[in-house]
Amino acid sequence: MGRYVAKRLLHALVVLLAVSVAVFLVARLSGDPSALFLGDNSTPADLVRVHHILGLDRPLYVQFWIFLSGALRGDLGQSIWQAQPALQLVLDRLPATLQLALTAFVLSIVVAVPAGVFAALRRGKAGDWGVIAVTALGQSIPVFVLGVVLVLLFAVRWHLLPPSGSGTWKHLVLPAVSLALFSSAKIARLTRTSVLDILGKEYVRTAQGKGAGQRRVVWVHVLRNAALPIVTIAGLELGALLSGVVVTETIFGWPGIGRLAIEAIAHRDYPVIQAEALFVASMFVFINILIDMTYVVLNPRIRLGGEGEA
Amino acid sequence: MTQVAAQPAMSKRRKSLWHKLLRNPVAVLPALLLGVAVILALAAPLLVPHNPDLPDLAHRLLPPGSPGYGLGTDSLGRDILSRVLYGARVSLAVGGAAVIGAGVIGVLAGLVSGYFGGVVDDVIMRIADVQLSVPFLLLALVVIAAVGPSLPNLVFILILRNWVTYARIVRSQVLELRTLTYVEAARAIGETDGRILVKHILPQVWGSVIAITSFTMAEAMIAEASLSFLGAGVQPPTATWGSMLKENLLYLATGWWTVVFPAIALTVVILSLNILGDWLRDALDPTLQR
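These numbers come from a predicted model, not from an experiment. (Residues numbered from 1 in each chain as written. Chains lettered and ligands numbered in written order. Predicted model: local features only at pLDDT ≥ 70, side-chain atom pairs only at ≥ 80, totals over all residues. Heavy atoms only, no water.)

**Looking at the pattern of salt bridges**
Then comes step 1: On inspection of all chains with the given rule, the structure shows 14 salt bridges over all chains.
Then comes step 2: The shortest N-O distance in the salt bridge between R189 of chain A and D278 of chain B comes to 2.7 Å. Residue R189 of chain A is found in helix α7 (residues 169-199), and its partner D278 of chain B is found in helix α10 (residues 257-284); the two belong to separate chains.
Then comes step 3: Look at D278 of chain B and you get buried, because its relative accessible area is 14%.
Then comes step 4: Ionic pairing is found between D278 of chain B and R281 of chain B, a salt bridge with its closest N-O pair at 3.0 Å. With a gap of three residues between them, D278 of chain B and R281 of chain B both fall in helix α10, about one helical turn apart. Here the two residues D278 of chain B and R281 of chain B agree in accessibility, since each one is buried. (Salt bridge = Lys/Arg side-chain N within 4 Å of Asp/Glu carboxyl O. Helix = DSSP H or I, 4+ residues; strand = E, 2+ residues; numbered from the N terminus. Buried < 20%, exposed > 50% of the residue type's maximum accessible area, 1.4 Å probe, protein only.)

**Brief notes about the packing of helix α5 (residues 126-140) of chain A against α10 of chain B**
Relative placement of two packed helices is described by the angle separating their axes and the distance separating the axes.
Then comes step 1: At a minimum axis separation of 8 Å, α5 of chain A and α10 of chain B run at an interaxial angle of 120 degrees. Compared by their axis directions, α5 of chain A and α10 of chain B come out oblique. Regarding α5 of chain A and α10 of chain B, the two cross each other, and that crossing is right-handed. Of the residues in α10 of chain B, those in contact with A136, L137, Q139 and S140 of chain A of α5 of chain A are T267, I270, L271 and N274 of chain B.
Then comes step 2: Classifying every residue of the contact of α5 of chain A with α10 of chain B gives four nonpolar, four polar and no charged. (Axes fitted to C-alpha atoms, helices over the stretch in contact; angles between N-to-C directions. Parallel < 35°, antiparallel > 145°, perpendicular 65-115°, else oblique. Left-handed = near helix turned anticlockwise from the far one by under 90°. Contact = heavy atoms within 4.5 Å. Nonpolar A, V, L, I, M, F, W, Y, C, P; charged D, E, K, R; others polar.)

**Thoughts on the side chain of S108 of chain A**
Then comes step 1: One can find S108 of chain A in helix α4 (residues 86-121).
Then comes step 2: Contact partners of S108 of chain A, with chain neighbours within four places excluded, come to V113, A180, S183, S184 and I187 of chain A.

**Details of helix α9 (residues 214-252) of chain A**
Quick reminder: α-helices carry 3.6 residues per turn. Residues three or four places apart thus point the same way.
Residues and elements named next belong to chain A.
Then comes step 1: Under the 1.5 Å per step criterion, the end-to-end length of α9 is only 43 Å for 39 residues, more than 12% shorter than the ideal 57 Å.
Then comes step 2: Roughly 50 degrees is the biggest bend found in α9, and it falls at L223.
Then comes step 3: Trailing α9 by a residue or two, G253 shows a phi angle of about 55 degrees, which is positive. (Expected span 1.5 Å × (residues − 1). Bend = angle between axes of the 7 residues up to and from the residue.)

**Considering the interface of chain B and chain A**
Then comes step 1: Contacts between chain B and chain A engage 41 residues on the former and 40 residues on the latter.
Then comes step 2: Around 3,400 Å² of area is buried between chain B and chain A when both sides are counted, 76% of it from carbon and sulfur atoms.
Then comes step 3: Where chain B packs against chain A, one counts two residue pairs in polar contact (both at pLDDT 80 or more).
Then comes step 4: Counting only elements with at least two residues in the side of chain B that touches chain A, the list comes to α4 (118-132), α5 (136-147), α6 (151-177), α8 (193-229), α9 (241-248) and α10 of chain B.
Then comes step 5: When grouped by side-chain class, the residues that make up the side of chain B that touches chain A number 28 nonpolar, six polar and seven charged. (Buried area = accessible area lost by both parts, 1.4 Å probe. Polar contact = N/O pair within 3.5 Å; in protein donor to acceptor, adjacent residues only side chain to side chain.)

**What to know about empty space enclosed by the protein**
Then comes step 1: Under the counting rule described, the total for this entry stands at two cavities of 30 Å³ or more.
Then comes step 2: By residue number, the principal contributor to the lining of the largest cavity is helix α11 (residues 270-298) of chain A, which donates four residues.
Then comes step 3: Classifying every residue of the lining of the largest cavity gives nine nonpolar, two polar and no charged.
Then comes step 4: Approximately 60 Å³ is the volume found for the second largest cavity.
Then comes step 5: As for the second largest cavity, its lining consists of L242, S243, V245, V246, I257, G258, E276 and V280 of chain A together with P135, L137 and L138 of chain B.
Then comes step 6: Every element with two or more residues in the lining of the second largest cavity is listed here: α9, α10 (257-266) and α11 of chain A together with α5 of chain B.
Then comes step 7: Broken down by element, the residue count for the lining of the second largest cavity peaks at four residues, all from α9 of chain A. (1 Å grid on protein atoms, 1.4 Å probe; cavity = no way out; pocket = protein on both sides within 12 Å on 5 of 7 lines; lining within 4 Å. Points joined across faces, edges and corners; volume = space filled by probe spheres on them.)

Here you go:
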């Protein structure tokens, strides 16, 4: 296990290094940030001076090294738009995003797994078709469409919930639900398939034959074995939720890192964009490692450190 | 993945696919809806009653059913029906261009990666890993902030996003196909790698490629709409379903129709693509998991 973890961490480092190269290059691609510092009646000499201060007159690889060594020390530069360290801005907004994403995550699992099991146990009957129809729709409605429709109904028409903002649990309901729908549809479908898969296996029929009750068969024999794909997809969905917050936070005015990204882009605040991209990529990589470890714990037969899809 | 060994003739399989489609109501309906959407999009210039981009302040926020404005008008007095139809052109064209580009690049990468293995495989798959480790929307926003929002840039980003799906699935199939007897036989009689790939391997992965194209197009259209909704996609006044939602969001309380009709159009097309994709997957490649 130790060697496996070390290998995964090394792999993660390579991925993050590649991400930081990409982020660095894209930011350089985006033109000269000096313009943001210079007034209208600046001279070419001013430009040279700003270039020197920002370090833009040095070779590209030196600039990258400065960027990277700063990043390793947790220094991702100052925000151009707000006089604060870029990373600090991201960290300040993080709790709001985590609150939203985790609520949506818990919501989607609590709804999706029972729905998937329910559908599988009633294969081909009305209940199954109902779940299939709802999940198909759930996977096809874009987050922002659902968000807008929910606002239209629950805030504009019925005045039950606030249309945007944050602070109370009421503010959390609409964004969490719209964020959760896509993931729960996906998890529900996968749960259904996995449970159907396991239900066809011999040991389940043996258990049924031995007279184990339906409830016991499902909870003990089926769900434990169906857990592997469910955990995988759920983990991947957690990552997808972190991505989905950009749209959800914009619609509902939720003060998290998603909206920060939009604001930073609007203000061409490259250090903040870089900090956020790097930070979120690190979280992604970390979550992926966690999923793989859960995998190993749930199924000891999986070959550690093997070739192929690691 | 054992049935791939059968290698049925392509034309026969295509024909039977049509027959299967026509016999299955669950698949016919979405196929029909998509066909109608494409025809409406192509014929939009002939069909629309008004210029979709021309403001007409005398007719602001007319409700649906107003004479001459079947689906009402938006806050600038532009006809919603005309904008939804023109929006179909952009949304479908962007989605289509994205899957064609991603499909060509991804299938090539998957074939090469799976067939030759080694360093090439490592490099291609590591690039895919890196890409998957960055949340797409954020990546897209950063790139667009850098290169500016435009249609070609949008298509480029969607290709960047989606080639990985094709590459991974094609690669995993090629890894198995490569070891089959008839491929080894072809190699033994001295056929070139290129010929083996095109003649013996490509036809076998075709089924999955078609099935994932349906899902991928749905995803690409959602991504386009999301980016346009965030203001980083297609720029005003050009109508797309995503941008219509963005520009009318402020009028939600006073003019629900400005938002609801593009939302319905988008959802119906994506739902159709997903259902069709499910059916294609079952019909063409039962081993493919979503």
